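Okay, here's what each chain looks like letter by letter:
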Amino acid sequence: MLTSSYFHITQVQKIFAETSIQDADALADLLLRNSYHLMLENDRYNLQLMMEEVGESKRIKRARILGREGVVSFSTNADEVGSVLVIQDESCTFCHISESEALVNVPAQDRIRTLSGYQYMNVTRGIYNEPNCSTAACHAHPPEQEKIGVLDMVISLDQMAYLTHVHHNDVLLSTLVMLVLLSVGHYLMTRRYICKPIEGLLHETKALAQGHLNARVVNPSRDEIGELGHSFNQMAENLEHAQEELRDWGATLEQKVDVRTAEMQEIQNQLIRSAKLASMGELVAGIAHEINNPLTGILMFASLSSKHKELPPQVKDNLDLIVAETGRCAKIVRGLLEFARESVPEKTPSSINTIISQTLELVSHQSIFQDVDIVCQLGEDIPEIELDADQWQQVFVNMIINAGQAMPQGGNLTITTHFLEAENSVHITIEDTGTGISREHLDRIFDPFFTTKSQKGFGLGLSVTYGIIQNHGGKVDVQSSEGVGTRFSILLPVENPGWTGTGDRGEGKDNQDA
Ligand code: ADP
């Protein structure tokens, strides 16, 4: 703005000066034209009078007509008429730059001078000899004379200087006002649209850094700073969300640890049980294999001997006792071999509901179920599963008979099946209202030879059951409370991983042969 103002001022100054020069030239021409006829008529009195009247004008400081050799012929100052100017005179030096050299046209700008703080301009016009002059009655100028005189004028440029000054001040003032207005406007705009939003953002950032996660930029604008505000709000929201999650997680951590510990405990129990069964299986298989052959021999010979007709009755009774007890031993050995065997199950797509129904039909007529109310709630949407139906019948026989034996005074036996779609498994429960299992026995019921039935049981039923369920990729769980009842839950996957074998349970093949 300052540069443009400076340029504007100098331009206007130049225009003013040019206009003043044109005015001065026009004035000189006018004066010469007016004096022309007075000079032709040699009316010196009126010419001098005109010069003096011209001198009245404030703009014209001085006007004079010089004759040959610098004689002042007419002048606005009547006192100097008749005086002679020398070439060194201040008014002569405009054109006479040296004794011998005189300029015909002095450039307009060079004619302006400043004297005692006032600007003035010198206008000089040559007065040339014309035919009318040389033929005039006065015969003052012979025809061979080229120049007969000079008009010398000094015109005041005060008016121009005043106008330039006023214009100069106006431009400066308006520039200053514009500068102030622009500066104030710029300050207000910067404050409103840049400083304030940044201050707000800074304030909220500090608050966030001090842990106030609810710090948010209010009403972010639509410009880049507003976008920054939006991003900040998003970041603070995510941070708050993450901290809430962390807090929740911390609160439930203890609970999760408890649940996980219980799960780990259960897995550990199962591993211990599996390891125990594996080592037990090896031992049992070895013993059963060794005992089975001599036992078969004893049974066969005792049986043959007892059929001999000539035997004394006492001996026959003893031999029958040997056959009965050996048969009992053989039964135990068969149970042991069943527990320890490694047989490939004959898997066919089977309905678990059908197996349960058939098993119930088989065992429900036994006297132990006389006072037992059997309820069967079998799910309808249960898919067929690839399994060994005989083995699973054995599982249900063991569990149902155990339940019946636990309810000597009668009670309720409830069998249910459900298809769990999410786990793609069948959930089977066998629940009775019998005597229940004490806490110290609960961990041992799947161990081989663990029984609480003295003479009636061998303690192999549940261990065999456990093996079969495991070999079909399933899980078994038991909940019991004394005097209330027992509930077995089996989870059997529909697509079971197949036969895992019981090779860890010992010499299955030999046992099968046996
Ligand atoms: P056994 O029936 O020959 O004793 P098991 O392995 O089938 O052998 O069972 C082991 C033990 O588990 C049983 O002696 C009994 O104490 C306990 N038991 C099994 N099922 C039940 C049940 N439904 N109610 C109470 N006790 C049970």
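The structure reproduced in this document is the subject of the present report. Not measured: the values here are computed from a predicted model.

What to know about the side chain of Thr-486
Part 1 of the argument: Tracing the backbone shows Thr-486 in strand E12 (residues 485-493).
Part 2 of the argument: Within the structure, the side chain of Thr-486 is placed 2.9 Å from the side chain of Ser-480, a separation counted as a polar contact.
Part 3 of the argument: When sequence neighbours within four positions are dropped, the list of residues in contact with Thr-486 reads Ile-430, Glu-431, Asp-432, Gly-436, Ile-437, Val-478, Gln-479 and Ser-480.

What about unusual backbone geometry?
Part 1 of the argument: One non-glycine residue, Asn-42, lies in the positive phi region at around 55°.
Part 2 of the argument: Among the structural elements, Asn-42 can be located in the loop between helix H1 (2-40) and helix H2 (44-54).
Part 3 of the argument: One non-glycine residue with positive phi stands out, namely Asn-219, at about 45°.
Part 4 of the argument: With respect to the helices and strands, the residue Asn-219 is situated in the loop between helix H4 (158-209) and helix H5 (224-306).

Here we look at the pattern of salt bridges
Part 1 of the argument: Within the structure shown, the criterion is met by 10 salt bridges.
Part 2 of the argument: As a salt-bridge pair, Glu-263 and Arg-260 come within 2.5 Å of each other at their nearest N and O atoms. Taken together, the residues span about one helical turn, with Glu-263 and Arg-260 both in helix H5 at a distance of three residues.
Part 3 of the argument: Look at Arg-260 and you get partly exposed, because its relative accessible area is 46%.
Part 4 of the argument: Salt-bridge contacts for Arg-487 lead to Glu-431; the nearest nitrogen and oxygen are separated by 3.5 Å. Of the two residues, Arg-487 sits in strand E12 while Glu-431 sits in strand E10 (residues 425-432), which places them 56 residues apart along the sequence.
Part 5 of the argument: Taking relative accessible area as the criterion, Arg-487 reaches 26% and is therefore assigned partly exposed.
Part 6 of the argument: A relative accessible area of 34% means that Glu-431 is categorised as partly exposed.
Part 7 of the argument: Among the ionic contacts, a cluster of salt bridges with common partners joins Arg-62, Arg-64, Glu-80 and Asp-152.

Some words on the environment of Ile-368
Part 1 of the argument: Here Ile-368 lies in the loop between helix H7 (352-363) and strand E7 (372-378).
Part 2 of the argument: Spatially, the C-alpha atom of Ile-368 lies 8.2 Å from that of Gly-410, the residues being 42 residues apart in sequence.
Part 3 of the argument: When near neighbours in sequence (up to four residues on either side) are disregarded, Ile-368 contacts Ile-401, Gly-404, Gln-405 and Met-407.

A word on H1
Part 1 of the argument: If you check H1, its first and last C-alpha atoms are 57 Å apart, about what 39 residues at 1.5 Å a residue would give, namely 57 Å.
Part 2 of the argument: Maximal helix bending in H1 amounts to about 25°, located at Asn-34.
Part 3 of the argument: One or two residues past the end of H1 sits Asn-42, with phi positive at roughly 55°.

Observations regarding a nonpolar patch on the surface
Part 1 of the argument: Where nonpolar side chains cluster on the molecular surface, the patch consists of Met-1, Leu-2, Leu-176, Met-178, Leu-179, Val-180, Leu-182, Val-184, Tyr-187 and Leu-188 and spans about 970 Å² of accessible area.
Part 2 of the argument: Mapping Leu-182 onto the fold places it in helix H4.

Things to note about the nonpolar core
Part 1 of the argument: Grouped together as the largest cluster of nonpolar side chains are 40 residues, with contacts concentrated most on Ile-352, Trp-392, Phe-396, Met-399, Leu-413 and Ile-490.
Part 2 of the argument: Setting aside chain neighbours within four positions, we find Ile-490 in contact with Trp-392, Val-395, Phe-396, Met-399, Val-426, His-427, Ile-428, Ile-469, Lys-475 and Val-476.
Part 3 of the argument: Formed by 26 residues, the second largest nonpolar core is a distinct cluster that contains Ala-28, Leu-32, Met-121 and Met-160.

Digging into the sheet that holds strand E11 (residues 475-481)
Two pairing modes exist for strands in a sheet, parallel and antiparallel, and in both the strands are linked by backbone hydrogen bonds.
Part 1 of the argument: What the five strands build is an open sheet, ordered E7-E9-E10-E12-E11; its pairing is mixed. Looking at which strands have only one partner, the edges of the open sheet turn out to be E7 and E11. Neighbouring strand axes in the sheet, compared pairwise and without regard to direction, differ in orientation by 10° on average.
Part 2 of the argument: Sheet analysis places strand E9 (residues 411-420) next to E10, joined by eight bridges and oriented antiparallel. Directly across from His-418, in E10, lies its bridge partner His-427.
Part 3 of the argument: Strand contacts of H7: E7, E9, E10 and E12, with the helix running at about 165° to E7, the strand carrying the most contacts.

With respect to the packing of aromatic side chains
Part 1 of the argument: In this structure the tally under the stated criterion is two aromatic pairs.
Part 2 of the argument: A centroid spacing of 5.8 Å and a plane angle of 45° characterise the contact between Trp-392 and Phe-396, whose relative ring orientation is tilted. Of this pair, Trp-392 and Phe-396 both sit in helix H8 (residues 389-405), four residues apart, which is roughly one turn of that helix.
Part 3 of the argument: With relative accessibility at 1%, the residue Phe-396 sits in the buried group.
Part 4 of the argument: Centroid distance Phe-446 to Tyr-466: 5.2 Å. Interplanar angle 50°. Geometry classified as tilted. Within this pair, whereas Phe-446 is found in the loop between helix H9 (439-442) and helix H10 (461-471), its partner Tyr-466 is found in helix H10, the two being separated by 20 residues in sequence.

Reading guide: rules and limits
Residues numbered from 1 in each chain as written. Predicted model: local features only at pLDDT ≥ 70, side-chain atom pairs only at ≥ 80, totals over all residues. Heavy atoms only, no water. Helix = DSSP H or I, 4+ residues; strand = E, 2+ residues; numbered from the N terminus. Polar contact = N/O pair within 3.5 Å; in protein donor to acceptor, adjacent residues only side chain to side chain. Contact = heavy atoms within 4.5 Å. Salt bridge = Lys/Arg side-chain N within 4 Å of Asp/Glu carboxyl O. Buried < 20%, exposed > 50% of the residue type's maximum accessible area, 1.4 Å probe, protein only. Expected span 1.5 Å × (residues − 1). Bend = angle between axes of the 7 residues up to and from the residue. Patch = residues over 30% accessible without salt bridge, like charges linked within 9 Å, V, L, I, M, F, W, Y side chains within 5 Å. Areas by Shrake-Rupley, 256 points an atom, 1.4 Å probe, with all protein chains shown as cover. Core = buried A, V, L, I, M, F, W, Y, C linked by side-chain atoms within 4.5 Å. Pairing = 2+ DSSP bridges. Axes fitted to C-alpha atoms, helices over the stretch in contact; angles between N-to-C directions. Phe/Tyr/Trp six-rings, centres within 6.5 Å; stacked < 30°, edge-to-face > 60°.

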